[in-house]
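Here's the letter readout for the chains.
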Amino acid sequence: MEENRPSWTSRYAFIITAIGSAVGLGNIWRFPYIMGQNGGAIFLAVYILLISTICFIPLLNELYIGKLTKKECVGAYESINKNFRFLGALNPITGILIASFYFIVGGWIINYILKSVFYSNISDYGEYFSNFIEQPVYPVLLTLLFLFICIFVTARGIKNGIEATNKILMPLLAIILAFLVIVSLRLPNANIGLEYMFKPDFTKINTHMVLAALGQAFFTLSIGMGALLTYGSYIKDDKNIVKSVYTIILSDTTFAILAGIMIFPAVFSFNLEPNSGAGLVFVTLPKIFSQISGGNIVALLFFILLLCAAITSGISVLEGPCATITERFKISRIKACTLLFILISIIAIPATLSFGMLKGCLIFNKSIFDFLDFLTSNVMLPLNTLFLCLISGWYIKLKGNTLIKNKAFAFCFDIGLKFIVPIALILLMIFGL
Ligand code: PFF
């Protein structure tokens, strides 16, 4: 089986696909509202500090373990120690659970693309959004459509599916984002939004905000969901991954900052609130689109941008479970993807309905959607990353100097892997719970 494993056709293909995994709704939807809720510029400063230091370590580690073992998640852990197999299985399980709520938002985006032409006819965007997500059939169909698109790409394989899609969608995403940034910067009073983003108020720094920044940084890099380990397993032996890790972090952060520059000047220009939470993109922005000239086109482009980002991340999260099912059960990708489609639908349908029909169905006092988000973001992602760091640092005794030439830097990697990242992850989980 191993000899038949696919590998990336070029370094560029790997990098663009890994960036595609990182740049997702986390950058364009989640980052601006978390930043809006946590004081703007100071959050950005802390976030950049954390993503370029602490997050570098688990990202490099996860890719490296994939590259080293050349196996899907379960096989990778198993080849380190048979007893770790179960810990490995948690990764694709996390991927399936994440897909089950993330893809719902993918469905919402498709609705907004279809509706963008008629924006100006809507009088109350908040009401429109809540009426839409509460419907019993339409949002479910859209979730399944988005799932189908991602499954279809994944089933086509690494070269013809995942690589090919990322090579088209990522440049498109960059072009649309650049255009929308210019549109936003040309609005009156755009400078207030820029000040909000780049003029830090150091008195606003607090533990809650630091941990929120750390959580966002882990989430946006797609660490701990099995995607990067699997992507890493397709890297050829002769490739140096340290440089790729820098490129991924730098690109992901640039996309997040540009998303902020696209959103905040517009929000301030229209005297709206930057801290409206998850509704920022689905309620606040459409309100703005309806008031600017050419707003329909801008809206259409914006939601196409979101869709591209969601697809490239969505296929990465499917690749983990797809590779595991294909290689463990020795079945074709098409069969594995069909199975995944069924499995994810079983969880995603009730989760989609948890905004309407199943509103009253609570798990630990949370709706099904919120519970899945909470369970994966606050428990499973940090836990998977924690296990992998502990395994590499304490069990395999991975040394930084096998990967990194600079001695001081390699030393920091060692300390980070063994102590700092595990402690940060434990704090994150305690805070999240
Ligand atoms: N890096 C992704 C993002 O920022 O949106 C994280 C992610 C979440 C990837 C969910 C894939 C996924 F299905």
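Going by the structure above, here's the rest.
Residues numbered from 1 in each chain as written. Predicted model: local features only at pLDDT ≥ 70, side-chain atom pairs only at ≥ 80, totals over all residues. Heavy atoms only, no water.

Asker: Is there a simple way to explain the packing of aromatic side chains in this structure?
Answerer: A ring pair, where both rings are aromatic, is described by two values, the distance of the centres and the angle of the planes. By the definition in use, this model includes 34 aromatic pairs. Ring geometry for Phe-148 and Phe-341: centres 6.5 Å apart, planes at 85°, overall edge-to-face. Placement of the pair is Phe-148 in helix H8 (residues 138–155) and Phe-341 in helix H16 (residues 333–353), with a sequence separation of 193 residues. Plain terms: the ring middles of Trp-394 and Phe-419 are 5.5 Å apart, the flat faces sit at 90° to each other, and that makes the pair edge-to-face. Here Phe-419 lies in helix H18 (residues 407–432) and Trp-394 lies in helix H17 (residues 368–395), a separation of 25 residues in the sequence. Classification of Trp-394 by relative accessible area gives partly exposed; the value is 42%. Classification of Phe-419 by relative accessible area gives partly exposed; the value is 39%. Over the ring of Phe-219 we find Arg-30, and its NZ or CZ is 4.7 Å from the ring centre. When the ring centre of Phe-374 is taken as origin, the NZ or CZ atom of Lys-366, which lies over that ring, is 4.7 Å away. (Phe/Tyr/Trp six-rings, centres within 6.5 Å; stacked < 30°, edge-to-face > 60°. Helix = DSSP H or I, 4+ residues; strand = E, 2+ residues; numbered from the N terminus. Buried < 20%, exposed > 50% of the residue type's maximum accessible area, 1.4 Å probe, protein only. Lys NZ or Arg CZ within 6 Å of the ring centre and 35° of its normal.)

Asker: Sorry, what's going on with the site of the ligand here?
Answerer: Residues in contact with the ligand amount to 14 residues; listed here are only the nearest, Ala-22, Gly-26, Tyr-102, Thr-220 and Val-317. Ser-21 places a main-chain nitrogen or oxygen 3.0 Å from a nitrogen atom of the ligand. Contact distances for the ligand include 2.6 Å between an oxygen atom and a side-chain N or O atom of Tyr-102. Taken by itself the ligand offers 330 Å² of open surface, and the protein chains cover 100% of this. Those elements that place two or more of their residues in the shell around the ligand are helix H1 (11–22), helix H2 (25–37), helix H6 (85–115), helix H11 (207–220) and helix H15 (295–329). Per element, the largest residue contribution to the shell around the ligand is 3 residues, and it comes from H2. Split into classes, the residues belonging to the shell around the ligand amount to 7 nonpolar, 7 polar and no charged. (Near = heavy atom within 4 Å. Polar contact = N/O pair within 3.5 Å; in protein donor to acceptor, adjacent residues only side chain to side chain. Areas by Shrake-Rupley, 256 points an atom, 1.4 Å probe, with all protein chains shown as cover. Nonpolar A, V, L, I, M, F, W, Y, C, P; charged D, E, K, R; others polar.)

Asker: Could you clarify how one ought to interpret the nonpolar core in this entry?
Answerer: Taken as a class, soluble globular proteins show a tendency for nonpolar side chains to be buried jointly. If you look at the biggest cluster of nonpolar residues, it comprises 163 residues, and the most contacted ones within it are Met-262, Phe-282, Phe-302 and Phe-303. Top element by residues in this core is H15. It accounts for 17 residues. (Core = buried A, V, L, I, M, F, W, Y, C linked by side-chain atoms within 4.5 Å.)

Asker: Just checking my understanding: could you explain the pattern of salt bridges for this structure?
Answerer: Pairing is possible between side chains that carry opposite charge, provided their charged atoms lie close to one another. Applying the stated criterion across every chain yields a total of 9 salt bridges. With a shortest N-O distance of 3.2 Å, Glu-134 and Lys-359 are connected by a salt bridge. Here Lys-359 lies in the loop between H16 and H17 and Glu-134 lies in helix H7 (residues 125–134), a separation of 225 residues in the sequence. Overall, Lys-359 belongs to the partly exposed group, its relative accessible area being 45%. In this structure, the salt-bridge partner of Glu-163 is Lys-167, at a minimum N-O distance of 3.8 Å. Taken together, the positions of Glu-163 and Lys-167, both in helix H9 (residues 158–185) and 4 residues apart, correspond to about one turn of that helix. Accessibility expressed as a relative area gives 2% for Glu-163, which makes it buried. The exposure class assigned to Lys-167 is partly exposed, which follows from its relative accessible area of 34%. In this structure, a network of salt bridges that share partners links the residues Glu-72, Glu-78, Arg-85 and Arg-328. (Salt bridge = Lys/Arg side-chain N within 4 Å of Asp/Glu carboxyl O.)

Remember that the coordinates give geometry; whether it matters functionally is a separate question.
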